[in-house]
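Topology and contacts: notes
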Amino acid sequence: MKIKTVMVAGAGQMGSGIAQVCAMHGYAVILHDLKEEFVERGRQAIAGQLQKLVKKRRIAVTDMEQYLGRIHSSVQLKNAQKADIVIEAAVENIEIKKNLFAQLDELAAEHTILATNTSSLPITEIAAATKRSEKVIGMHFMNPVPVMKLVEIIRGLATAEDVYRLVREMAVSLEKTPVEVNDFPGFVSNRILMPMINEAIYTVYEGVASPEDVDQVMKLGMNHPMGPLALADFIGLDTCLSIMETLHSGFGDDKYRPCPLLRKYVKAGWLGKKTGRGFYTYDNA
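Fair warning: this is a prediction, and the values are worked out from it, not measured in the lab.

Conventions used here
Within each chain, residue numbers correspond to sequence positions counted from 1 in written order. pLDDT decides what is reported in this predicted model: residues at 70 or higher carry local features, side-chain atom pairs at 80 or more are listed and counted, and totals for whole chains, interfaces and linings draw on all residues regardless. Side-chain measures here rest on the full set of heavy atoms in the structure, leaving out hydrogens and waters. Numbered from the N terminus, helices here are DSSP runs of H or I no shorter than four residues, and strands are runs of E no shorter than two. Exposed residues in this analysis have more than 50% of their type's maximum accessible area, buried residues have under 20%, and partly exposed residues fall in between, with area computed by a 1.4 Å probe over protein chains only. When checking whether two residues touch, look at their non-hydrogen atoms; a contact exists if any pair is within 4.5 Å. Every patch collects residues that have over 30% relative accessible area and no salt bridge, joining them within 9 Å if they carry like charges and within 5 Å if they are nonpolar side chains (Val, Leu, Ile, Met, Phe, Trp, Tyr). Where accessible areas are quoted, they stem from the Shrake-Rupley method and a 1.4 Å probe; at the residue level, only the protein chains shown are allowed to cover. Whenever Lys or Arg places a side-chain nitrogen within 4 Å of a carboxyl oxygen from Asp or Glu, that contact is recorded as a salt bridge. By the counting scheme adopted, Arg and Lys are positive, Glu and Asp are negative, and His together with the chain ends is not counted. Taken as the charge centre is NZ of Lys, CZ of Arg, CG of Asp or CD of Glu, depending on the residue. All domain edges in this entry derive from an automatic or database-based domain assignment. Buried area: the sum, over both parts, of the accessible surface (1.4 Å probe) that disappears when the two are put together. UniProt positions are given in the numbering used here, feature names are shortened, and annotations may be inferred rather than shown by experiment. Here the axes come from fitting lines to C-alpha atoms, over the contacting stretch only for helices, and the angles between their N-to-C directions go from 0 to 180 degrees. By definition in this entry, angles of less than 35 degrees are roughly parallel, angles greater than 145 are roughly antiparallel, angles of 65 to 115 are roughly perpendicular, and the rest are oblique. By convention the crossing between two helices is left-handed if the near helix lies anticlockwise of the far one by an angle smaller than a right angle, and right-handed if it lies clockwise. For this classification, Asp, Glu, Lys and Arg are treated as charged, while Ala, Val, Leu, Ile, Met, Phe, Trp, Tyr, Cys and Pro are nonpolar and the rest, including Gly, are polar. DSSP bridges decide pairing: two strands pair if at least two such bridges lie between them. Every crossover in which the path from the first strand over the helix to the second runs clockwise, viewed with the strands pointing away from the viewer, is termed right-handed.

1. Observations regarding the side chain of Asn198
- Here Asn198 lies in helix 7 (residues 189–205).
- Note on Asn198: relative accessible area 3%, which makes it buried.
- Not counting residues within four places of it along the chain, the set of residues in contact with Asn198 comprises Met244, Arg257, Pro258, Cys259 and Leu262.

Structure, rendered in structure tokens:
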């Protein structure tokens, strides 16, 4: 089988980024979400990113038009029938993902691979919601997708070797670097990153240092391009909390216990850059 058509289920920041990269590398893309306004918002985000590339003279206007022409809007999940692979980029909630995969299993063609962009949830459990566990796999892109090169490819317990190979080849075709990861909570990236972010939040919670000074230490002392608290705001504090809860419940180890300050900010609706306030304040919300 050759992957030619990709459905991206979820037109948010991650989904639109995945759709953009796929379209730029020759794939026909079906960008799907629950409402037309969500899909249109995703398309506008892609157009905005492509326009920036045009201004920087990295692509031509004709290239931009060609890429956008490869992206087709969808609000009907039955459009999965047309896809060789569906990459799910919905909210980081296991029940929502399992429900979506059960529907996709019924609607998609027999050959269709079902991939999830989950950042921490168990692939095997998601696959169990389908009758095609061998065709379910994790394909975890990094944010922002058009910029970051890494893709974690996570096999579930039943994922077939040929499915893994096809997904790996697709990642390479997108000019990404695939890394094979086993199905453990948080995989590699977030098992390492999120406890660091959580510990940075604890240093603020305990009054050790301000967010600005914590970030300065990590940028100037450890040569990180972005401080952990600014990064948490960029990722979304609700997403950080969700991943920490997945790690905590998955391993049963209190070293993964989410900081109370993280919970408080999420309850207050201070989710970071997307809401205009997190550990820092932003003007774009």
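2. Focus: a positive patch on the surface
- On the surface, a cluster of positive charge is made up of Lys52, Lys55, Lys56, Arg58 and Lys273.
- Within the secondary structure, Lys273 sits in the segment after helix 11 (260–267).
- By relative accessible area, which is 36% here, Lys273 ends up partly exposed.

3. What about the domain arrangement of the chain?
- Domain annotation for the chain reports domain 1 (5–182) and domain 2 (190–275).
- When each unit is reduced to the centre of its C-alpha atoms, the spacing between domain 1 and domain 2 is 27 Å.
- In this assembly, eight residues from domain 1 lie in contact with five residues from domain 2.
- Buried area between domain 1 and domain 2, summed over both chains or domains, comes out near 540 Å², and the portion from carbon and sulfur atoms is 51%.
- Of all residues in domain 1, Glu92, Ser119 and Ser120 give up the largest surface area on contact with domain 2, accounting jointly for 54% of the area buried on that side.
- Here domain 1 is connected to domain 2 by zero salt bridges.

4. Some details on the UniProt feature "domain: 3-hydroxyacyl-CoA dehydrogenase NAD binding" (unreviewed entry) in the chain
- UniProt tags residues 5–183 as "domain: 3-hydroxyacyl-CoA dehydrogenase NAD binding" (unreviewed entry).
- For the annotated span residues 5–183, helix accounts for 41% and strand for 22% of the residues, and the straight-line distance between the end C-alpha atoms is 26 Å.

5. So, the packing of helix 7 against helix 9 (residues 228–235)
- Contact pair helix 7 / helix 9: the axes reach a minimum separation of 9 Å and the direction vectors enclose 115 degrees. Taken together, the axis directions place helix 7 and helix 9 in an arrangement best described as roughly perpendicular. Note that helix 7 runs across helix 9; the crossing there is left-handed. For the pair helix 7 and helix 9, contact is made by Leu193, Met194, Met196, Ile197, Ala200, Ile201 and Val204 and by Pro228, Leu229, Leu231, Ala232 and Ile235, respectively.
- Of the residues assigned to the contact of helix 7 with helix 9, the class counts are 12 nonpolar, no polar and no charged.

6. Quick look at the pairing of strand 2 (residues 28–32)
- For strand 2, the tally of buried residues reaches four of five residues, placing the bulk of the element in the interior.
- As paired elements, strand 1 (residues 5–9) and strand 2 share five bridges and run parallel to each other. Following the sheet pairing, Met7 is matched in strand 2 by Ile30.
- For the crossover from strand 1 across helix 1 (residues 13–24) to strand 2, the handedness is right-handed.
- Across four bridges, the pairing between strand 2 and strand 3 (residues 71–74) is parallel. Across the sheet, the residue bridging to His32 is Ser74, located in strand 3.

7. Some remarks on the sheet that holds strand 4 (residues 85–88)
- Taken in spatial order, the eight strands line up as 3-2-1-4-5-6-7-8 in an open sheet, and their pairing is mixed. Of all strands in the sheet, those bounded by a partner on one side alone are strand 3 and strand 8 (177–181). Averaged over all pairs of adjacent strands, the angle between their axes in this sheet comes to 25 degrees, without regard to strand direction.
- As defined by bridge partners, strand 5 (residues 113–116) adjoins strand 6 (residues 136–141) across three bridges and the pair is classed as parallel. By the bridge assignment, Leu114 is partnered in strand 6 with Val136.

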